[in-house]
Amino acid sequence: MAETDDDATGTADRLGPYLNSTRRGLALSLRDVEEATGREVSNAYLSQLESGKIRKPSPHILYALSTALSVPYEDLMERAGYIAPSRDRTAASKHGRIATFSIENLTADEEKALLEHLAYIRWQQKK
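It should be emphasised that the depicted structure is a prediction, and the values quoted were computed from it without experimental measurement.

*Asks:* Please explain the overall build of the protein as it appears in this structure.
*Replies:* From N to C terminus, the protein includes seven helices and zero strands. Each helix (α) and strand (β) of the protein, taken in turn from the N terminus, gives the series α-α-α-α-α-α-α. For the protein, the share of sequence-separated contacts (at least 6 apart) that also reach a separation of at least 24 residues comes to 55%. Looking at the protein as shown, the accessible area adds up to about 8200 Å², and 51% of this sits on carbon and sulfur atoms.

The structure is reproduced here in structure tokens:
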């Protein structure tokens, strides 16, 4: 679910304080956020995120937090290191495999089917 390895170096420096500042700015307690996420993010887990003990939460967790804190999901994904900062991306750049990565337990066959469907949609749009 979350990584604490050094491969996420810098993530907590950007994500944790941002979550803490945003939550406090909204005058929400850790328990308030837990309730706002439908208990998808426990207050203890959020505390560990804010303190940097957990460095790379799953995209699913980030989505729940973006909704609860009324912040853009893309901003949290960027701060967690899943996507390049918007200032470093061109309008035509891709986010990589984030769409399929965000779906937990996706099999190789399911991923292939999704990519084929996406190719079909893009082909249709070019017509």
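*Asks:* What am I meant to see in the nonpolar core here?
*Replies:* For soluble globular proteins, nonpolar side chains are generally found buried alongside one another. Judged by nonpolar contacts, the single largest core of 21 residues is most densely connected at Leu-19, Val-41, Leu-46, Leu-49, Leu-62, Leu-65 and Leu-76. For this core, the elements supplying multiple residues, two or more each, are α1 (11-25), α3 (43-51), α4 (59-69) and α5 (73-79). The biggest single contributor to this core is α4, with six residues. Leave out the neighbours within four places in its chain, and Leu-76 touches Leu-15, Tyr-18, Leu-19, Leu-62, Leu-65, Ser-66 and Val-71.

*Asks:* Mind showing me how you'd approach the packing of aromatic side chains here?
*Replies:* Think of a pair of aromatic rings as described by two things: how far the centres are apart, and how the planes are tilted against each other in angle. Counted by the stated rule, this structure contains one aromatic pair. The ring of Tyr-82 has Lys-56 lying over it, and the distance from NZ or CZ to the ring centre is 4.8 Å. Over the ring of Tyr-18 we find Arg-79; its NZ or CZ atom is 3.7 Å from the centre of that ring.

*Asks:* In this structure, what is going on with the pattern of salt bridges? I would like to understand it.
*Replies:* A pair can form between side chains of opposite charge whenever their charged atoms are brought close. One pass over the structure, following the stated rule, counts four salt bridges. The partner of Arg-14 in a salt bridge is Glu-78, with the nearest N and O atoms 3.9 Å apart. One end of the pair, Arg-14, is in helix α1; the other, Glu-78, is in helix α5, and 64 residues separate them in sequence. According to the relative accessible area criterion, Arg-14 is partly exposed, its value standing at 32%. Between Glu-50 and Arg-23 there is a salt bridge, and its shortest N-O distance comes to 2.7 Å.

Criteria and thresholds
- Residues numbered from 1 in each chain as written.
- Predicted model: local features only at pLDDT ≥ 70, side-chain atom pairs only at ≥ 80, totals over all residues.
- Heavy atoms only, no water.
- Helix = DSSP H or I, 4+ residues; strand = E, 2+ residues; numbered from the N terminus.
- Contact = heavy atoms within 4.5 Å.
- Areas by Shrake-Rupley, 256 points an atom, 1.4 Å probe, with all protein chains shown as cover.
- Core = buried A, V, L, I, M, F, W, Y, C linked by side-chain atoms within 4.5 Å.
- Buried < 20%, exposed > 50% of the residue type's maximum accessible area, 1.4 Å probe, protein only.
- Phe/Tyr/Trp six-rings, centres within 6.5 Å; stacked < 30°, edge-to-face > 60°.
- Lys NZ or Arg CZ within 6 Å of the ring centre and 35° of its normal.
- Salt bridge = Lys/Arg side-chain N within 4 Å of Asp/Glu carboxyl O.

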